[in-house]
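# Notes for the structure review
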Amino acid sequence: MADLDPPFGLLAELTYACPLQCAYCSNPLNLDDYRDELSTSEWQRVLTEARELGVLQLHLSGGEPLQRHDLVDIVRTAAGLGCYTNLITSALGLSPRRAEQLREAGLDHVQISVQADDASLSDRIAVTPSFERKLAAARLVKELGWPLTLNVVLHRGNLDRIARIVDLAERLAADRVELANTQYYGWALLNRDALLPSREQVERAEAVAREARERLRGRMDVVYVLPDYHERYPKPCMGGWGRRQLTVAPNGDVLPCPTAHALPLPRANVREHSLAWVWEESPLFQRFRGTGWMPDPCRGCARRDVDFGGCRCQAFLLTGDAARTDPVCHLSPDHDLVTAAVHTAGERPAAGDRLVPRPHPHREHAKR
Amino acid sequence: MPSTSPTRTDDAGRPRLAAHVRLTFDPARQRHVLLAPETVTVLNGTGAAVLGLCDGTRTVAEIVACLRDRYDTVAADEVRAFLGRLVAKRCVEVGDG
């Protein structure tokens, strides 16, 4: 395997417990199957193996990572190993005391989600009163000298407010703002028809994002994640299957991306295997690596090394076959599945959408 | 606020790494890397040497002079362009000193 590079990033999903109930959540539908969470020492072993394997960026996420009482210990271990550590959080639970402990433990960067630019809409999308606490936490992050990213997931209920969302990021002196159109996995796929924006909404929002990126260049990074249902070509999902990133789920399952649990592939778990074996040898990580697995039209496509055939999970969720071309691609034989969904969204009335909130999972206490 | 002009990588500027980025050696790749929010830049030997000299006291001209002690050929305009790209990404800040 001479051409296999080490992974750059590890997404550590520490727990699926979360105080918010956003309907666009990409966590699995079977949340209760992840109750047997890795212990502190198991995570510390995983991080040590990850660093030896070449992981440089550690993304601490979930669920809500602050729900883990051992988060400070996990950060301290990762920082000691030389990883650049990112906390991806709702900010609920980021008290001044907890923040100072995390700062002292070596946390490098904080990403805080908001659901909109104002309290009533943000709290309605989160199904939880949370907006004011998020703003207070964002200010705290800046006061403690961290770089701050504001994360906003976009959908038909907030896409028209994108300019005001950018204003909020500026007022908070964020260093980065991630404006990420919803990706349709997990709870988001269940709620797709109510979340999917119209083409007109998408075009207006893209113009605003483009203008903001130019205007704020050198001051704040404006990252706009495209709405792939509205694009001609698929996203280069994870930079290629098993190529740059890996995910460890709360129960120790190792995945090429956070939504690959849905695929009918053999599992690989850190309780049974080393991370190096999973990355280098496991059938799961080998399955869609490179271009040899590709069907037509990907096989002969000039873009096969650009977008890697798109997203395997999306292919599976929409067609039942993970080895097909991502239906988002206009060259896919299944593209009508996507155009029909976009068309339906355009016809829907703007108000009155019923969203299924992501529930709070039941949870056992993590073992030490 | 210290006096900084964020785009100045001419000879008199005194570059330093921004507070939130980290220059480190990665044994797995046998390369120096620059770590920042959501980005990893894998450096070649010269790039690592340039950034290792960016301590906020040396000027760009002094950095180039230091490099000439170590390497046979050092193109000053390439050093300036390299630093300029990192300034644009806000990984490097330049003080007037």
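The preceding data block contains the structure.
## Notes on the packing of helix α6 (residues 162–171) of chain A against helix α9 (residues 199–215) of chain A
The relative placement of two packed helices comes down to the angle between their axes together with the axis-to-axis distance. Residue and element names in this part refer to chain A. Here α6 crosses α9 at 25°, and the two axes come no closer than 9 Å. Judged by the inter-axis angle, α6 sits roughly parallel to α9. The element α6 and its partner α9 pack so that their crossing is right-handed. Between α6, through Ile-162, Ala-163, Val-166 and Glu-170, and α9, the contact on the second element is made entirely by Ala-205, Val-208, Ala-209, Ala-212 and Arg-215.

## Regarding the interface of chain B and chain A
Contacts between the two partners involve 16 residues from chain B and, on the opposite side, 25 residues from chain A. Between chain B and chain A lies a buried interface of about 1500 Å² when both sides are counted; carbon and sulfur atoms form 51% of it. Considering only the side of chain B, the residues that lose the most area to chain A are Arg-29, Glu-38 and Arg-90 of chain B, jointly responsible for 41% of the buried surface there. In this structure, Arg-90 of chain B engages Asp-175 of chain A in a salt bridge whose closest nitrogen and oxygen atoms are separated by 3.9 Å. At the boundary of chain B with chain A, the tally comes to twelve residue pairs in polar contact (both at pLDDT 80 or more). Mapped onto the side of chain B that touches chain A, the elements with two or more residues apiece are β2 (22–26), β3 (31–36) and β4 (39–42) of chain B. Here the residues of the side of chain B that touches chain A sort into nine nonpolar, two polar and five charged.

## Comments concerning the pattern of salt bridges
Tallied over the full model, the rule gives 29 salt bridges over all chains. Measuring nitrogen to oxygen at the nearest pair gives 3.2 Å for the salt bridge that ties Asp-307 of chain A to Arg-303 of chain A. Of the residues examined, Arg-303 of chain A reaches a relative accessible area of 27% and is grouped as partly exposed. Connected via shared salt-bridge partners are Lys-142, Asp-175 and Asp-221 of chain A together with Arg-90 of chain B.

## Quick word on empty space enclosed by the protein
The probe, sized like a water molecule, is rolled over the atoms to show the empty space still left. Residues and elements named next belong to chain A. Throughout the structure, instances matching the rule amount to three cavities of 30 Å³ or more. In this structure, the largest cavity occupies an estimated 90 Å³ of space. Taken together, 14 residues make up the lining of the largest cavity; nearest its centre are Cys-298, Cys-301, Asp-307, Thr-325 and Cys-329. Here the residues of the lining of the largest cavity sort into nine nonpolar, two polar and three charged. For the second largest cavity, the calculated volume is near 50 Å³. In terms of lining, the second largest cavity is formed by Leu-154, His-155, Asn-181, Thr-182, Tyr-184, Leu-196, Pro-197, Pro-227, Asp-228, Tyr-229 and His-230. Each residue belonging to the lining of the second largest cavity can be placed in one class, and the counts come to six nonpolar, four polar and one charged.

What counts and what doesn't
- Residues numbered from 1 in each chain as written.
- Chains lettered and ligands numbered in written order.
- Predicted model: local features only at pLDDT ≥ 70, side-chain atom pairs only at ≥ 80, totals over all residues.
- Heavy atoms only, no water.
- Axes fitted to C-alpha atoms, helices over the stretch in contact; angles between N-to-C directions.
- Helix = DSSP H or I, 4+ residues; strand = E, 2+ residues; numbered from the N terminus.
- Parallel < 35°, antiparallel > 145°, perpendicular 65-115°, else oblique.
- Left-handed = near helix turned anticlockwise from the far one by under 90°.
- Contact = heavy atoms within 4.5 Å.
- Buried area = accessible area lost by both parts, 1.4 Å probe.
- Salt bridge = Lys/Arg side-chain N within 4 Å of Asp/Glu carboxyl O.
- Polar contact = N/O pair within 3.5 Å; in protein donor to acceptor, adjacent residues only side chain to side chain.
- Nonpolar A, V, L, I, M, F, W, Y, C, P; charged D, E, K, R; others polar.
- Buried < 20%, exposed > 50% of the residue type's maximum accessible area, 1.4 Å probe, protein only.
- 1 Å grid on protein atoms, 1.4 Å probe; cavity = no way out; pocket = protein on both sides within 12 Å on 5 of 7 lines; lining within 4 Å.
- Points joined across faces, edges and corners; volume = space filled by probe spheres on them.

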